[in-house]
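What follows is the residue order along each chain.
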Amino acid sequence: MRLRNLAVLFKGGGIFRKQEHLETNSPGIRRQLEIYRKGVLGIRPRFPVSPEELENKARSVLSREAYDYVAGGAGAEITIRKNREAFERIAILPRMLRDVAERSLEISVLGARFPYPFLLAPIGVQGIVHREGEVAVARAAASLGVPMVLSTASSRSLEEVADALGSVPRWYQLYWPKDPGIAKSFLHRASAAGYSAIVVTLDTTILAWRDRDIRNAYLPFLAAEGIANYTSDPVFRKGLDRSPEEFPMGAVRHFARNFSNPALTWKDLRWLRKQTNLPILLKGILHPDDARKAVRAGVDGIIVSNHGGRQLDGALAALDALPGIVSVAGRKLDVLFDSGIRRGSDVFKAMALGAKGVLLGRPYLWALAAAGEAGVRNFLQNFIADLDLTLGLAGCRSWKEVNSTFVKQEAY
Ligand code: FNR
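Here the residue numbers are simple positions, counted from 1 along each chain's written sequence. Confidence filtering applies because this is a predicted model: local features only for residues at pLDDT of at least 70, side-chain atom pairs given and counted only at 80 or more, and all residues used for totals across whole chains, interfaces and linings. Only heavy atoms go into the side-chain values, all of them from the structure, while hydrogens and water stay out.

A. Examining the overall build of the protein chain more closely. Strands are runs of DSSP state E lasting at least 2 residues, helices are runs of H or I lasting at least 4, and numbering of each runs from the N terminus. Within the protein chain, the secondary structure is distributed over 18 helices and 12 strands. Restricting the calculation to C-alpha atoms gives the radius of gyration, and the globule rule supplies 2.2 Å times the number of residues raised to the power 0.38. For a compact globule of 412 residues, the expected C-alpha radius of gyration is about 22 Å, and the protein chain comes in at 22 Å, within 12% of that figure. Once the C-alpha set of the protein chain is aligned to its principal axes, its extents read approximately 75 × 45 × 40 Å. For the protein chain, with 412 residues in total, the buried portion stands at 53%. Contacts are assigned to residue pairs with any non-hydrogen atoms lying within 4.5 Å of each other. Considering only residue pairs separated by 6 or more positions, the protein chain has 74% of its internal contacts joining residues 24 or more positions apart. The protein chains shown are the only cover counted for residues, whose accessible areas, like all others here, come from Shrake-Rupley with a 1.4 Å probe. Here the protein chain has roughly 18700 Å² of accessible surface; of this, 53% comes from carbon and sulfur atoms. Between buried and exposed lies partly exposed: a residue is buried under 20% and exposed over 50% of the maximum accessible area for its type, with that area taken using a 1.4 Å probe on protein chains only.

Pasting the structure below:
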């Protein structure tokens with residue numbers, strides 16, 4: 001049929017009116033129809049679709065330094081590769097004839113219900129990929145009800161991002177500063193701005209040797225990027241001789257002195273526990289013994305993660321660590337996962353291995369770089385659609401039905 005004829009059919013109802021029974025609550029089917037209907041009129045999606053295409057687009061618009069900072073990892077990037085290989089080694093075993101017409105993507109984490117099984121991972125310095133940085137991401141997330149974890153190292157202050165998120169749930173990721181006064185102030189501000197949990201990142205008390213950044217001699221913080229939470233902090237500012245507005249380099253130096261504390265031990269968690277009533281999650285756990293310690297420390301959750309391969313090169317793929325952590329801690333606290341999530345099928349695999357939810361990382365940054373707020377919103381809509389269809393195709397109506405019998409480890 002010629003395109004013009006199809007267009008007439010489309011406008012007059014025609015073939016699509018007859019298919020109105022396809023109008024379901026399924027975000028996957030709705031998204032497919034929206035796209036395919038436009039296709040009849042010759043309209044193709046405005047933005048790159050796959051995470052790989054988005055990354056290519058981002059590479060073409062970003063400076064070499066910014067692209068490498070986001071894409072890169074520690075050392076030879078063996079762990080970045082391992083993260084993806086671990087997903088590829090696992091196959092989904094779908095089940096048939098199980099009435100999957102109505103599906104729910106909801107999860108319950110830390111006693112709260114989230115509409116989808118993922119949150120946006122804390123990613124710092126988003127100002128290096130887009131002028132609006134975390135605020136653009138927050139607006140896109142808010143428009144779809146996707147919760148966000150905000151980094152301590154964000155380019156915009158936690159209050160500004162909270163405003164952009166409106167009533168959408170948010171967690172605050174803490175890089176635990178050396179100065180306990182600044183740590184307390186961050187926790188207090190996060191709670192006042194409506195963040196409902198604290199994610200303490202444990203794997204970055206020392207910054208890794210990252211070949212690409214070393215080659216580019218590039219660390220964004222030294223150009224005063226990603227320190228908005230510090231420069232807006234009253235306790236941090238008290239430690240400065242001159243204001244950050246007047247003398248940014250003084251603020252950068254003070255930040256560098258305080259950013260992290262490699263002397264921290266498990267005992268210090270007691271202090272942290274006393275400073276906030278919010279639930280605490282530990283991000284960066286890979287060893288079951290550490291998961292046991294987390295349980296004993298009385299925290300509320302664990303995020304199994306190797307920081308997307310950006311910290312310890314050669315570290316275990318996060319997905320390979322997940323079952324061991326779930327088996328020692330999964331009944332006592334909520335275990336979440338990140339490092340390598342790219343598509344709906346990845347989320348399914350992590351959930352089948354026992355994650356209560358996952359964090360989406362680099363792909364949303366590529367979307368931000370490629371097309372700002374609209375790019376992130378578009379990518380998230382596709383990601384949610386893919387998730388919904390994957391769940392149904394695997395033979396499940398909700399994440400409660402998903403377990404290890406739906407996946408199989410393939411031979412290497
Ligand atoms: C990160 N990540 C991170 N984690 C964190 O706790 N605080 C932070 O500020 C940052 N910053 C950050 C910057 C960039 C550019 C990247 C790519 C990542 C790690 C992040 O939360 C998550 O663990 C990884 O992104 C997961 O790996 P994938 O899925 O992105 O490969």
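B. Representation of unusual backbone geometry in the model. One non-glycine residue with positive phi stands out, namely Ala224, at about 60°. Within the element layout of this structure, Ala224 appears in the loop between helix H10 (211-216) and helix H11 (228-231). Ala224 sits in the partly exposed class, given a relative accessible area of 31%.

C. View of the site of the ligand. Here a residue is near a molecule or strand as soon as one of its heavy atoms is found within 4 Å of it. In the vicinity of the ligand there are 22 residues, among which Pro122, Ser151, Thr201, Arg342 and Arg362 approach most closely. Lys283 has a polar side-chain atom sitting 3.0 Å from a nitrogen atom of the ligand. Polar contacts, as used here, are pairs of N or O atoms within 3.5 Å; protein pairs need one atom able to donate a hydrogen and one able to accept it. Residues neighboring in sequence count only if both atoms are side-chain atoms. Arg362 has a polar side-chain atom sitting 2.7 Å from an oxygen atom of the ligand. About the coverage of the ligand: the protein hides 98% of its 600 Å² of free accessible area. Any residue outside Ala, Val, Leu, Ile, Met, Phe, Trp, Tyr, Cys, Pro, Asp, Glu, Lys and Arg is labelled polar, Gly included; the first ten of those are nonpolar and the last four are charged. The class makeup of the residues in the shell around the ligand is seven nonpolar, 10 polar and five charged.

D. Seen up close, the environment of Pro48. By secondary structure assignment, the location of Pro48 is in the loop between helix H3 (27-40) and helix H4 (51-61). Assessed through its relative accessible area of 22%, Pro48 is described here as partly exposed. Taking the C-alpha atoms as reference points, Pro48 and Ile325, 277 residues apart in sequence, are found 36 Å from one another. Excluding its chain neighbours within four sequence positions, the residues that come into contact with Pro48 are Glu53, Leu54, Lys57 and Asn378.

E. A look at the nonpolar core. Nonpolar cores are built from buried Ala, Val, Leu, Ile, Met, Phe, Trp, Tyr and Cys residues. Side-chain atoms within 4.5 Å join them into one set. Counting residues in each nonpolar core, the largest one holds 124 residues, and the members touching the most others are Phe118, Leu120, Trp171, Leu322, Phe337 and Trp399. Broken down by element, the residue count for this core peaks at 14 residues, all from helix H18 (residues 362-393). Not counting the four nearest positions on each side in its chain, Trp399 is found in contact with Ser104, Leu105, Glu106, Ile107, Pro117, Val347, Phe348, Met351, Leu387 and Leu391.

F. Examining the pairing of strand E11 (residues 357-360) more closely. On E11, burial covers both faces: Gly357 and Leu359 on one face and Val358 and Leu360 on the other are all buried. As defined by bridge partners, strand E4 (residues 118-120) adjoins E11 across three bridges and the pair is classed as parallel. Within E11, the residue paired with Phe118 across the bridge is Val358. Criterion used throughout: strands pair if DSSP finds at least two bridges between them. In this structure, strand E10 (residues 334-337) lies alongside E11, joined through two bridges in parallel fashion. Considered in E11, the bridge of Phe337 is made with Val358. Handedness of the crossover joining E10 and E11 through helix H17 (residues 344-352) is recorded here as right-handed. Call a crossover right-handed when, viewed with both strands pointing away from you, the route from the first strand across the helix to the second goes clockwise.

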